[in-house]
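The chain contents come next:
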Amino acid sequence: MDSIFANIEHWSLSVWSREDEYAYFVALIFHAWGMALLVGGGVVISLRATGAGASAPLAKFRALLPVMRVGVLLAVPSGLVLLVAYPAKAFTNPVFAIKFACLIGAALLVRRLLREGAPAARATAALCLLLWLAGVAAGKLLLHTYHVLTVS
Amino acid sequence: MNADSIVAGIHAVMTARWGWPIAECFHFIGLCLLFGTVGFFDLRMLGVARGIDLRSLHRLVPFGIAGFATSVVTGLMFVATTPDQYLHNPAFLTKLSLMLVAGLNMVLFYAISARTVWLAQPGELPPMPARIFGAVSLLCWLGVITCGRVITAFRPPAYYWCPWC
């Protein structure tokens, strides 16, 4: 694995992301905007599905999906820039896997919540909300839980 | 309890092994609740997801307020622990200014436009002033996220050794 990480660390994209004065921070900003749109939409749909407040039909909330997709389009490329800068840091940290497990689980549950005619399942909605927030928290913890930064 | 002992207590919690990281997690969770509910209410005023009626969507805003309170409390804990990392930091000061603008914008929205918004039917855009309040709010909170993200880039050099804060 270390040789793969070392190889990636020598990519010009990786060197640029790590060493350029602005690159890493600009990627962080786009990642934050993207995650805000993605998770923000997920939070709204989950909250509505728990029955909290809103009386608008849940099916109408499908219209938030395009905004969440814009979030993905911002968060994924910027996330890749962050990832190739320090591949060993991410892939040797189980929290990185936990982050993706939470976010993928949350996205699948959103699909289920929005499915036409599905019975309103408050527990599913609450779990969905929890997974979105846990995914964000895990992402934040990546800064505090890594044990390898670079291998080369 | 005086202010010094409160600050000393916060300092002890925040310098414990997981104190700062856990506070950061809650700071971000609070922000997600705030940006999700308020940001998407703003987007709806700008015409996104017009099928959702605004009054229904507004019922989620209390969760955003709870999130905001969470972020303010954890934010104050960061500042109380390492004040010189923040108090002269241009990113932090800009972030505070944007929060002030967002707050004034919110007061004006409820004073001037909220009643017209409740009258908008599903499928309708609210009147122009409400749309402007929505756009200002959205831009302010995206700006707050941006400034928060780069605070560490503008902190005094003395903090660069300090990955946990």
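Residues numbered from 1 in each chain as written. Chains lettered and ligands numbered in written order. Predicted model: local features only at pLDDT ≥ 70, side-chain atom pairs only at ≥ 80, totals over all residues. Heavy atoms only, no water.

J.: Can you tell me about the overall build of chain A, naming the residues and giving the values?
T.: Along the backbone of chain A there are seven helices and zero strands. The C-alpha extent of chain A, read off along each of the three principal axes, is 55 × 25 × 20 Å. Across the 152 residues that make up chain A, the buried fraction comes to 51%. On chain A, roughly 7,400 Å² of surface is accessible, and the fraction owed to carbon and sulfur atoms is 69%. One way to put it: in chain A the 12 positive side-chain charges average out to a point 24 Å from where the 6 negative ones average out. (Helix = DSSP H or I, 4+ residues; strand = E, 2+ residues; numbered from the N terminus. Buried < 20%, exposed > 50% of the residue type's maximum accessible area, 1.4 Å probe, protein only. Areas by Shrake-Rupley, 256 points an atom, 1.4 Å probe, with all protein chains shown as cover. Lys, Arg positive; Asp, Glu negative; His and termini not counted. Charge placed at Lys NZ, Arg CZ, Asp CG, Glu CD.)

J.: Explain the confidence of the model for chain A to me, and be specific about the residues and the numbers.
T.: Looking at chain A as a whole, its pLDDT mean stands at 94, while 95% of the residues score no less than 70. Across chain A, element-level confidence peaks in helix α4 (residues 65-85) of chain A with a mean pLDDT of 98 and bottoms out in helix α1 (residues 2-9) of chain A with 95. (pLDDT = per-residue confidence, 0-100.)

J.: Please provide a residue-by-residue account of the confidence of the model for chain B, values included.
T.: All names here are of chain B. A residue-level look at chain B finds 98% of positions with pLDDT of 70 or above and a mean pLDDT of 95. The least confident element of chain B is helix α1 (residues 3-15), whose mean pLDDT is 93; the most confident is helix α2 (residues 19-45), at 98. Scored as a complex, the prediction yields pTM 0.95 and ipTM 0.94.

J.: I'd like a rundown of unusual backbone geometry, residues and numbers included.
T.: Phi is mostly negative for residues that are not glycine, and the peptide bonds are mostly trans. All names here are of chain B. Non-glycine residue A49 carries a positive phi angle of around 55°. Residue position: A49 is located in the loop between α2 and α3 (54-58). Taking relative accessible area as the criterion, A49 reaches 10% and is therefore assigned buried.

J.: Any details on the packing of α2 of chain B against helix α6 (residues 128-150) of chain B? Residues and values, ideally.
T.: Pairs of packed helices are described in terms of their axes, by the angle between the two and the distance that separates them. Residue and element names in this part refer to chain B. Viewed as axis vectors pointing N to C, α2 and α6 meet at an angle of 155°, and their least axial separation amounts to 8 Å. Considering their axes alone, α2 and α6 lie roughly antiparallel with respect to each other. When you trace α2 past α6, the crossing you get is left-handed. Along the contact surface, α2 presents F28, L31, L34, F35, V38, G39, D42, L43 and M45, while α6 presents A130, R131, G134, S137, L138, W141, L142, I145 and R149. The class makeup of the residues in the contact of α2 with α6 is twelve nonpolar, three polar and three charged. (Axes fitted to C-alpha atoms, helices over the stretch in contact; angles between N-to-C directions. Parallel < 35°, antiparallel > 145°, perpendicular 65-115°, else oblique. Left-handed = near helix turned anticlockwise from the far one by under 90°. Contact = heavy atoms within 4.5 Å. Nonpolar A, V, L, I, M, F, W, Y, C, P; charged D, E, K, R; others polar.)

J.: Could you give an account of the environment of H88 of chain B, naming the residues involved and the relevant values?
T.: Residue and element names in this part refer to chain B. One can find H88 in the loop between α4 (61-81) and α5 (90-119). Overall, H88 belongs to the exposed group, its relative accessible area being 71%. Separated by 67 residues in the primary sequence, H88 and R155 have C-alpha atoms spaced 8.3 Å apart.

J.: Talk me through the side chain of T74 of chain B; I want residue IDs and the actual numbers.
T.: Residues and elements named next belong to chain B. With respect to the helices and strands, T74 occurs in helix α4. Among the residues examined, T74 registers a relative accessible area of 6% and is labelled buried. A polar side-chain atom of T74 sits 2.8 Å from the main-chain carbonyl oxygen of T70. Here T74 is in contact with A23, F26 and H27, once residues within four sequence places are set aside. (Polar contact = N/O pair within 3.5 Å; in protein donor to acceptor, adjacent residues only side chain to side chain.)

J.: Could you give an account of the packing of helix α3 (residues 23-49) of chain A against α2 of chain B, naming the residues involved and the relevant values?
T.: Remark: α3 of chain A packs on α2 of chain B, axes separated minimally by 8 Å, with the N-to-C direction vectors making an angle of 80°. Relative to α2 of chain B, the element α3 of chain A is oriented roughly perpendicular. Here α3 of chain A contributes A36, L37, V39, G40, G41, V43, V44 and L47 of chain A to the contact with α2 of chain B, which in turn contributes C32, L33, F35, G36, T37 and F40 of chain B. A class-by-class count of the residues in the contact of α3 of chain A with α2 of chain B yields ten nonpolar, four polar and no charged.

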